[in-house]
Each structure stands twice: as C-alpha cells, then as structure tokens.
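What follows is each chain in one-letter form.
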Amino acid sequence: MRHYRTMILVVLLAIAGRTLADNLTVEAVTLKPGETRQVAICLENPQKAYVAFQFDLVLPEGINVAKNEKGKLIASLDGDRKDDHTLNVSEKSSGTYRLMTFSMSNAEFSGTTGPLVYVTLQADAAVETGEKTATVTSQVFTESSGTQSKWADVSFTITVGTSLLVGDVTGNGIVDGDDVTALANYIVGRGTLANEAAAYVNGDERIDIADVVALIGIIAQ
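Treat the numbers as computed from the prediction; the structure is a model and nothing was measured.

**Points about the overall build of the protein chain**
Of the regular secondary structure elements, the protein chain holds 3 helices and 12 strands. Counting all 221 residues of the protein chain, 37% fall into the buried class. Sequence separation of at least 24 residues holds for 67% of the intrachain contacts in the protein chain that already meet a minimum separation of 6.

Take a look at the structure:
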C-alpha cells in the first residue's frame, strides 16, 4: 500500500510540474491609433533550461511590429537572459511574424523565468478602436541535448483606445506653446510628460530635439 501511494504521489507531482512549467506569458497592452508600445514576452519554465527557440507572433489587423529608421523590425532579447544568442525576426505574411533565437555555443538562457523577448508594436493611424486578440503560436523551445518542447498557443489582448493627439504632451487636449516648453524641459531632464506617447512627433522611436522642431512646425501651420 505504501508503494502504491508513493507511485500516485510521483504521478501527481509530474502532472503538476507539466502544468506549472514551460509557458510563455504576455500581459495585455493598450495602444492608441498611431502609437507604439514595447511589450515583453516572458518565459515561465522553472524546471528546464533552453538554448534556442522559435515562435510566430500573429497580430490583429491594424497592429504591426514597428520598424526603425532603417526599416528593420524592432525586437530584442532581454539583456540579462542572453549569452551569445542571436535574434532573427521576419514577417512571414501580413500580420504574422517569426521570431527565432539560437546560440553558436549552445549556451543556455540565463535564468528560466522572466522577460525573454521585447517587441515594439505599432497601431495604424486608422485602426479601429476596441479589444483585439494577438496570439503566440507554433512555439518550439530546444534544450542543449536537442530535446524539443512544443507548447499550446498563448493569446493576449490589445486594446486600441481613442485617437492620439500628436504633440499634446501636456494632455490638455490642445497643441500649443505649453507643449513645446514641456517637451523641451523633458528632453533636458527637467520634469515629466503627462502624455509621453504624444511626444514622438516626427514619427521615429526617439524623443529628442527633432520632435521639438516638428512640434513647432505643427503649431505654426
């Protein structure tokens, strides 16, 4: 009887381990039309260590992975997790992106829980508002032995809010000289912005003097 109980306990622990381990998680994100926002895709696997992975990120219509000034998709590995790992990102089809990472030395990711990949999402200027669903699918994680783990799809919510008024960094609903002053002060480290998302006036991924110039141009129109 004692042996039988022990076997049951082992089986239950194994099931619990599979339930708790090896999951990707993504928190819900809120965007406004024309806005960009970085999201973290996190790994939760307290029992295993991996050296490589690939998965697809499927985004709803009107939401894309943002591109930098050179036209490259904006995504990066978490700096505290990688060794000599390389991240490759490509657009397989409209709204579907493949992310793949490997290590030339088959190094394991540092730690087994926490942010793994950061992806910058961008909402089209004309995207419809409301809740939308994005999905991480076709997941394959590989251990140094070559053993692979394939997991079920993971979905998360993207909520598109009301339109963003570009340049309205004070958040008062109008664009005027007060926004120029607030933005300039923010760039030199004096103060914060009530509406930071509106500060990317010239449309790139940085907040700098070019945005001040673009903002002054908007007010002058």
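**Quick look at helix α3 (residues 209-220)**
Counted at 1.5 Å a residue, the expected span for α3 with its 12 residues is 16 Å, and the 17 Å between its end C-alpha atoms agrees. Those residues of α3 that fall on the buried side of the exposure criterion are Asp211, Val212 and Leu215. For α3, the angular spread of buried residues about the axis comes to 105°, placing them on one side. Exposed and oriented more than 90 degrees from the buried face of α3 are Ile209, Val213 and Ala220.

**Quick look at unusual backbone geometry**
A positive phi angle is found at Asn106, which is not glycine, with a value near 55°. Judged by its relative accessible area of 43%, Asn106 is partly exposed. The backbone of Ser138 sits at a positive phi, close to 55°, despite the residue not being glycine. Topologically, Ser138 is positioned in strand β10 (residues 130-142). The exposure class assigned to Ser138 is partly exposed, which follows from its relative accessible area of 38%.

**Topic: the pairing of strand β9 (residues 113-123)**
Along any regular strand the residues' side chains alternate between the sheet's two faces. Pairing between strand β3 (residues 36-44) and β9: 9 bridges, direction antiparallel. Counterpart to Ala40 in the pairing with β9 is Tyr118. Here 3 bridges tie strand β5 (residues 63-65) to β9, and the two strands are oriented antiparallel to one another. Paired with Val65 across the bridge in β9 is Leu121.

**Some words on the packing of aromatic side chains**
Taken as a whole, this structure holds 6 aromatic pairs when the rule is applied. Here the aromatic rings of Tyr50 and Trp151 are separated by 5.9 Å at their centres, their planes lie at 75°, and the arrangement is edge-to-face. Note that Tyr50 is positioned in the loop between β3 and β4 (52-58) and Trp151 in strand β11 (residues 148-151), a separation of 101 residues in sequence. Owing to a relative accessible area of 15%, Trp151 belongs among the buried residues under this scheme. Feature note: the residues Tyr50, Phe53, Phe55, Phe109, Phe141 and Trp151 constitute an aromatic cluster, connected by ring pairs.

**What to know about the side chain of Asp204**
Topologically, Asp204 is positioned in the loop between α2 (177-187) and α3. Given a relative accessible area of 16%, Asp204 falls into the buried group. A polar contact of 3.3 Å, which involves the side chain of Asp204, links it to the side chain of Asn202. Within the structure, the side chain of Asp204 is placed 3.1 Å from the backbone nitrogen of Arg206, a separation counted as a polar contact.

Conventions adopted
Residues numbered from 1 in each chain as written. Predicted model: local features only at pLDDT ≥ 70, side-chain atom pairs only at ≥ 80, totals over all residues. Heavy atoms only, no water. Helix = DSSP H or I, 4+ residues; strand = E, 2+ residues; numbered from the N terminus. Buried < 20%, exposed > 50% of the residue type's maximum accessible area, 1.4 Å probe, protein only. Contact = heavy atoms within 4.5 Å. Expected span 1.5 Å × (residues − 1). Arc of directions from axis to C-beta. Pairing = 2+ DSSP bridges. Phe/Tyr/Trp six-rings, centres within 6.5 Å; stacked < 30°, edge-to-face > 60°. Polar contact = N/O pair within 3.5 Å; in protein donor to acceptor, adjacent residues only side chain to side chain.

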